[in-house]
Amino acid sequence: MAQPMVSIVIPAFNEAARIGDSLQKILAFVDRAPFSIEVLVIDDGSSDSTAEIVRAANGNTLRLIRNGENHGKGYSVRQGVVNSTGTYVLFTDADLSAPIDELDKLFEVAVRERADIVIGSRAVDRSYIQKHQTAFRELGGIVFNQMVRLLLGLNLHDTQCGFKLFHRERTRTIFEKQTTLGFGFDPEILFLAARKGLKIREVPVRWSHSEGSKVDPLRDGLRMFSDLLRIRWNDMTGRYRW
């Protein structure tokens, strides 16, 4: 296969209940897309049948990469980026809360504006949200975004939406500097991109809350907040020097 235009990276941990349906939708999108696409599923040490379901999927452009043990979402996304070959890399959550055809919207902005990163956003225009999270989760997201703005200086509305497009070559060094392996990896990647002077664009995408999220609002929320402090400390102590 010639170099694909886009690599779709899907981190998956114990996603047997929905990975099959999500792959069907993604592979159908690949078949009708006007550009070439490869699909990488990163199985992050699942103890269920996630890997077997991916192997059984009928897709010539589909690859499975297995982590020997569970490391975290950030680690898996980095594995996907490092092993991808596309000009652009899309990271999407396994539940497809943002429909896969929203990729067209991000890709168009990336090409037209020569953006290095285009992130899907639920907060730029909340009318695109088709099914909301609980009020507690939405409030937590708003508070976390304010902490991201305060601690990292990122003027973005939504760093946590699991739908982001990267120009692979221009952002590769960012993933090489990444230190956050869990759910709080997104702010670090975007912070590093801003520090490097890369062009980031934020685009509203259709989004529907999917039950079965692996994120615990309290436990993981505290970890993600501590990640923000660690990212700021890393920057202050020169950990991110290029």
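Data block above holds the structure.
The paragraphs below set out a description of the structure included in this document. (Residues numbered from 1 in each chain as written. Predicted model: local features only at pLDDT ≥ 70, side-chain atom pairs only at ≥ 80, totals over all residues. Heavy atoms only, no water.)

With respect to the helices, strands and loops of the structure, E15 is situated in the loop between β1 (6-12) and α1 (19-32). Those residues in contact with E15 that sit more than four places away from it in its chain are D48, T50, A94 and K214. (Helix = DSSP H or I, 4+ residues; strand = E, 2+ residues; numbered from the N terminus. Contact = heavy atoms within 4.5 Å.)

Here helix α5 (residues 135-152) contains 18 residues, and its C-alpha end-to-end distance of 25 Å stays within 8% of the 26 Å for a straight helix at 1.5 Å per residue. For α5, the full list of buried residues reads E138, F144, N145, V148, L151 and L152. The buried residues of α5 occupy an angular sector of 160 degrees when projected down its axis, which confines them to one face. Exposed side of α5, more than 90 degrees from the buried face: A135, F136, L139 and L150 are the residues found there. In this structure, the buried residues of α5 make contact with α7 (185-196) and α8 (219-236). Positive backbone phi, approximately 70 degrees, marks G153, located one or two places after α5. (Expected span 1.5 Å × (residues − 1). Buried < 20%, exposed > 50% of the residue type's maximum accessible area, 1.4 Å probe, protein only. Arc of directions from axis to C-beta.)

Turning our attention to the sheet that holds strand β7 (residues 163-167). Taken in spatial order, the 7 strands of this open sheet run β3-β2-β1-β4-β7-β5-β8, and their pairing is mixed. Unpaired on one side and paired on the other, β3 (62-67) and β8 (200-204) mark the two borders of the sheet. Strand after strand, the sheet turns through a mean of 20 degrees between neighbouring axes, direction not considered. Bridging between strand β5 (residues 117-121) and β8 involves 5 bridges; their strand directions are parallel. For I119, the partnering residue across the bridge sits in β8 and is E202. α1 contacts β1, β2 (37-44) and β3 of the sheet and is inclined by roughly 165 degrees relative to β2. (Pairing = 2+ DSSP bridges. Axes fitted to C-alpha atoms, helices over the stretch in contact; angles between N-to-C directions.)

Attention now goes to the pattern of salt bridges. Across all of its chains, the model carries 20 salt bridges by this definition. With a closest N to O distance of 2.9 Å, E102 and K105 form a salt bridge. Residue E102 is classed as buried on the basis of its relative accessible area of 6%. In this structure, K164 engages D186 in a salt bridge whose closest nitrogen and oxygen atoms are separated by 2.8 Å. With K164 in strand β7 and D186 in helix α7, this residue pair connects regions lying 22 residues apart in the sequence. Across the pair, exposure class does not vary: K164 and D186 are buried alike. Bridged by salt links that share partners, the residues D101, E102, K105 and R206 form one connected network. (Salt bridge = Lys/Arg side-chain N within 4 Å of Asp/Glu carboxyl O.)

Taken together, the side chains of L139, I142 and V143 present a nonpolar region at the surface, about 260 Å² in accessible area. Inspection of the secondary structure puts V143 in helix α5. (Patch = residues over 30% accessible without salt bridge, like charges linked within 9 Å, V, L, I, M, F, W, Y side chains within 5 Å. Areas by Shrake-Rupley, 256 points an atom, 1.4 Å probe, with all protein chains shown as cover.)

Let's shift gears to the packing of helix α6 (residues 168-177) against α7. Two measures define how a pair of helices packs: the angle their axes make with one another and the distance between the axes. The N-to-C vectors of α6 and α7 enclose an angle of 125 degrees; their axes lie 9 Å apart at closest approach. When the axis of α6 is compared with that of α7, the two are oblique. Taken as a pair, α6 and α7 cross one another with a handedness that is right-handed. In this structure, α6 contributes T173, I174, F175 and K177 to the contact, and α7 contributes E188, I189, L192, A193 and K196. Classifying every residue of the contact of α6 with α7 by side-chain character gives 5 nonpolar, 1 polar and 3 charged. (Parallel < 35°, antiparallel > 145°, perpendicular 65-115°, else oblique. Left-handed = near helix turned anticlockwise from the far one by under 90°. Nonpolar A, V, L, I, M, F, W, Y, C, P; charged D, E, K, R; others polar.)

Turning our eyes to something else, we now look at the nonpolar core. By size, the foremost hydrophobic cluster in this structure holds 37 residues, and its most contacted members are I37 and L103. Elements with a minimum of two residues in this core: β1, α1, β2, β4 (88-92), α4 (103-113) and β7. Not counting the four nearest positions on each side in its chain, L103 is found in contact with V6, I8, F29, F35, I37, L90, F163 and L165. Counting residues in each nonpolar core, the second largest holds 31 residues, with L151, F166, L192 and A193 among its members. (Core = buried A, V, L, I, M, F, W, Y, C linked by side-chain atoms within 4.5 Å.)

This part covers the side chain of E188. Along the chain, the position of E188 falls in helix α7. One buried charged side chain, E188, makes no salt bridge at all; its nearest oppositely charged neighbour is R230, positioned 4.5 Å away. A distance of 2.7 Å separates a polar side-chain atom of E188 from the backbone nitrogen of T180. (Lys, Arg positive; Asp, Glu negative; His and termini not counted. Polar contact = N/O pair within 3.5 Å; in protein donor to acceptor, adjacent residues only side chain to side chain.)

This next bit is on α4. Of the residues making up α4, those classed as buried are L103, L106, F107, V109 and A110. Relative to the axis of α4, the buried residues are bounded by an arc of 160 degrees and lie together on one face.

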